Amino acid sequence: MGKVRAVCISEKRGTQKKNIESAVFVENWGIEGDAHAGNWHRQISLLSEETIAAFKARGAEVTDGAFGENLVVSGYDFTKFPVGTRFTCKDVVLELTQIGKECHHGCEIFQKMGECIMPTNGVFAKVLHGGKISVGDEFHVQYRAAVITLSDTASKGEREDASGAAVEEIVRKEPVNRRPVSGIETQKPKPLALADIVADDEPRINMHDDELNRVLGGGLVPGSLVLIGGEPGIGKSTLVMQTVLHMPEKKILYVSGEESARQLKLRADRLSSISSDCLIVCETSLEQIYVHIKNTNPDLVIIDSIQTISTESIESSPGSIAQVRECSASILRFAKETHTPVLLIGHINKEGSIAGPKVLEHIVDTVLQFEGDQHYMYRILRSIKNRFGSTAELGIYEMRQDGLRQVSNPSELLLSQDHEGMSGVAIASAIEGIRPFLIETQALVSSAVYGNPQRSATGFDLRRMNMLLAVLEKRVGFKLAQKDVFLNIAGGLKVNDPAIDLSVISAILSSNMDAAIEPEVCMAGEIGLSGEIRPVNRIEQRIGEAEKLGFKRFLLPKYNLQGIDTQKLKIELVPVRKVEEAFRALFG
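What counts, and at which threshold
Residues numbered from 1 in each chain as written. Predicted model: local features only at pLDDT ≥ 70, side-chain atom pairs only at ≥ 80, totals over all residues. Heavy atoms only, no water. Patch = residues over 30% accessible without salt bridge, like charges linked within 9 Å, V, L, I, M, F, W, Y side chains within 5 Å. Areas by Shrake-Rupley, 256 points an atom, 1.4 Å probe, with all protein chains shown as cover. Salt bridge = Lys/Arg side-chain N within 4 Å of Asp/Glu carboxyl O. Helix = DSSP H or I, 4+ residues; strand = E, 2+ residues; numbered from the N terminus. Buried < 20%, exposed > 50% of the residue type's maximum accessible area, 1.4 Å probe, protein only. Pairing = 2+ DSSP bridges. Polar contact = N/O pair within 3.5 Å; in protein donor to acceptor, adjacent residues only side chain to side chain. Phe/Tyr/Trp six-rings, centres within 6.5 Å; stacked < 30°, edge-to-face > 60°. Lys NZ or Arg CZ within 6 Å of the ring centre and 35° of its normal. Axes fitted to C-alpha atoms, helices over the stretch in contact; angles between N-to-C directions. Parallel < 35°, antiparallel > 145°, perpendicular 65-115°, else oblique. Left-handed = near helix turned anticlockwise from the far one by under 90°. Contact = heavy atoms within 4.5 Å. Nonpolar A, V, L, I, M, F, W, Y, C, P; charged D, E, K, R; others polar.

Chemist: Outline a nonpolar patch on the surface, supporting the account with residue identities and numerical values.
Modeler: A contiguous nonpolar surface patch, about 360 Å² in accessible area, is contributed by Leu192, Leu194 and Ile197. With respect to the helices and strands, Leu194 occurs in the loop between α5 (163-172) and α6 (210-216). Assessed through its relative accessible area of 76%, Leu194 is described here as exposed.

Right, dumping it as structure tokens:
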């Protein structure tokens, strides 16, 4: 299936045709009001939109009708059809009568470009049935079928062969499951020996964002397909827009399927970033996106979002599993064949995972998750999958009125300036990715007002908190069964590092006893079910972060003390083996 993109006429011969959006086609005559209409075989001229786009990409500045075409149609290469092929568009029926024509060397396009596409790519037709055609109408090929009967009785005239009509109806139907293609010509791959493949490190594209570069593994790899997902309103589009506006050396095509060009302009003005060669187009058709890519030849393509894009080869609504699968697979082929990186923005479902088929996450090169609480100012960019780098990296941003600010030292922002004398507060040295930073663990323990005690955790796994409460009651003897326990990780962060277990139980016990922990104490340690404090990884980085921020004492698992040169440290290390020892060190 194709689509009509322009309907052009000229009132006088020798003048350029102009797009009038809609026209009446008269049987055995042509377009009403067109100078080339008449009782002859070239009543209508047709050109494919893909051919015109390829000609524009070579530097030609032409408008619809410049080649003398009446109809511009996307989705078909008319030169592939034989003379006699019929086309239908609503009530109108056209029959192909001629392919190409003699070139007029004096035409303006030939004089400027040295060539003209109408003689080789243009076709002509006559009108078999009249009607009205408008821009956006569907354009179909009317296939014909001949039935050869092999039945003896039918050939002798003893029985009528009624299968011909049914076979013709089947053949006339267009295939609906054909794969969408970009229409960009690339060389076909050939099998190569493994030893002949060159695997040099390619220079990465600098995104001018240290946090994003770190999560990507050092920058964006040319030809890669990156997917960014996150909650609605978390700042995905802001992050991408802010990034591309800081890349003036690159030509970027930003395809928006959700917002208007005016909305994107207002966001760009709010971000007050430096200007860049960023092109904006609001489009949801994959075929039209490829046309824009061929016309602009960008260095980077942004699609916001993949769930709004649809292809005409699939008869389902945008965002459906089939549409997301086919569109993402086609975009992947485009990225790999043309060596153009593509950044996709994706929605998430109720469970928090990327919406659409799981194959979407499988086929892309990198999956980034942008997360955080909308009521807090901090955002974390995590790498869930990365074929070109580590998934242990993360970037931290602060959401502000003028966009997202990179947070190079999150510890200073996540800690309260003064919590001296406040119970229920403990400082933990956590590691997210390979970055150490200090977080503030807050707990509140009170007597249960209702029959069932409440358990609530923000930024921490609730099931793990319940396990730690069971350890406190069983192994240490603190009775918390009839107490409400509320836990919060300050700053709206979600932390999965088990090394903050020690600070969680310390904050809970501090609130239960209403005894404050010294503000210059930091800790790290994982709690086992028997009450032991298990060793954690990268302990020297954790200690170094606490020492840099001026902490005086650091509680750590006793096993982690091995191999640490305490003479070089200005912070006192307090090794503990069980929970009871940690409590004695904190509360005496």
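Chemist: I'd like a description of the pairing of strand β22 (residues 435-447), backed by residues and values.
Modeler: Taken together, the 8 bridges between strand β21 (residues 425-432) and β22 define a ladder with antiparallel strand orientation. Paired with Ala426 across the two strands is Thr441, which belongs to β22. Between the end of β21 and the start of β22, which pair antiparallel, lie 2 residues, with Gly433 showing a positive phi angle near 75 degrees. In this sheet, strand β24 (residues 483-489) lies alongside β22 in antiparallel orientation, the contact comprising 7 bridges. Within the sheet, the bridge partner assigned to Ser447 lies in β24 and is Lys483.

Chemist: For the environment of Asp565, give the residues involved together with the corresponding values.
Modeler: For Asp565, the position within the fold is in the loop between β28 (553-557) and β29 (572-576). The spatial distance from the C-alpha of Asp565 to the C-alpha of Glu540 is 9.8 Å, given a sequence separation of 25 residues. At 3.2 Å, the side chain of Asp565 forms a polar contact with the backbone nitrogen of Gln567.

Chemist: I'd love a proper account of the packing of aromatic side chains, names of residues and values included.
Modeler: Evaluation of the coordinates by the stated rule reveals 11 aromatic pairs. Aromatic pair Phe78 and Phe139: ring centres 6.2 Å apart, planes at 90 degrees, arrangement edge-to-face. Of this pair, Phe78 sits in the loop between β6 (71-74) and β7 (86-89) while Phe139 sits in strand β11 (residues 138-142), placing them 61 residues apart in sequence. Residues Tyr290 and Phe334 carry aromatic rings whose centres are separated by 5.8 Å and whose planes lie at 50 degrees to one another, so their mutual orientation is tilted. Of the two residues, Tyr290 is situated in helix α9 (residues 286-296) and Phe334 in helix α10 (residues 321-338); the sequence distance between them amounts to 44 residues. The aromatic ring of Phe124 is capped on one face by Arg42, whose charged end is 4.6 Å from the ring centroid.

Chemist: Tell me about the sheet that holds strand β3 (residues 22-26), residues and numbers included.
Modeler: Spatial ordering of the open sheet is given by β4-β3-β10, a layout of 3 strands whose pairing is antiparallel. Two strands bound the open sheet, and with one partner strand each, they are β4 (30-31) and β10 (131-134). Strand direction decides the pairing type here: β3 and β10, joined by 4 bridges, are antiparallel. Counterpart to Ala23 in the pairing with β10 is Ile133.

Chemist: Would you mind going over the packing of helix α7 (residues 236-244) against helix α8 (residues 261-271) in detail, with residue names and values included?
Modeler: Contact geometry for α7 and α8: axes closest at 10 Å, N-to-C directions at 70 degrees. Between α7 and α8, the interaxial angle falls into the category roughly perpendicular. Classified by chirality, the crossing of α8 by α7 is right-handed. In this structure, α7 uses Ser237, Thr238, Met241 and Gln242 to contact α8, whose residues at the interface are Leu264, Arg267, Ala268, Arg270 and Leu271. Along the lines of polarity and charge, the residues of the contact of α7 with α8 split into 4 nonpolar, 3 polar and 2 charged.

Chemist: So what's going on with the pattern of salt bridges? Residues and values would help.
Modeler: Taken as a whole and judged by the stated rule, the model has 25 salt bridges. One salt bridge in this structure joins Lys336 and Asp365, with 2.7 Å as the shortest N-O distance. A residue pair is termed long-range when its members are at least 10 positions apart, and Lys336 in helix α10 and Asp365 in the loop between α11 (359-363) and β17 (366-371) qualify at 29 residues. Within this structure, Arg5, Glu49 and Glu312 form a network of salt bridges that share partners.

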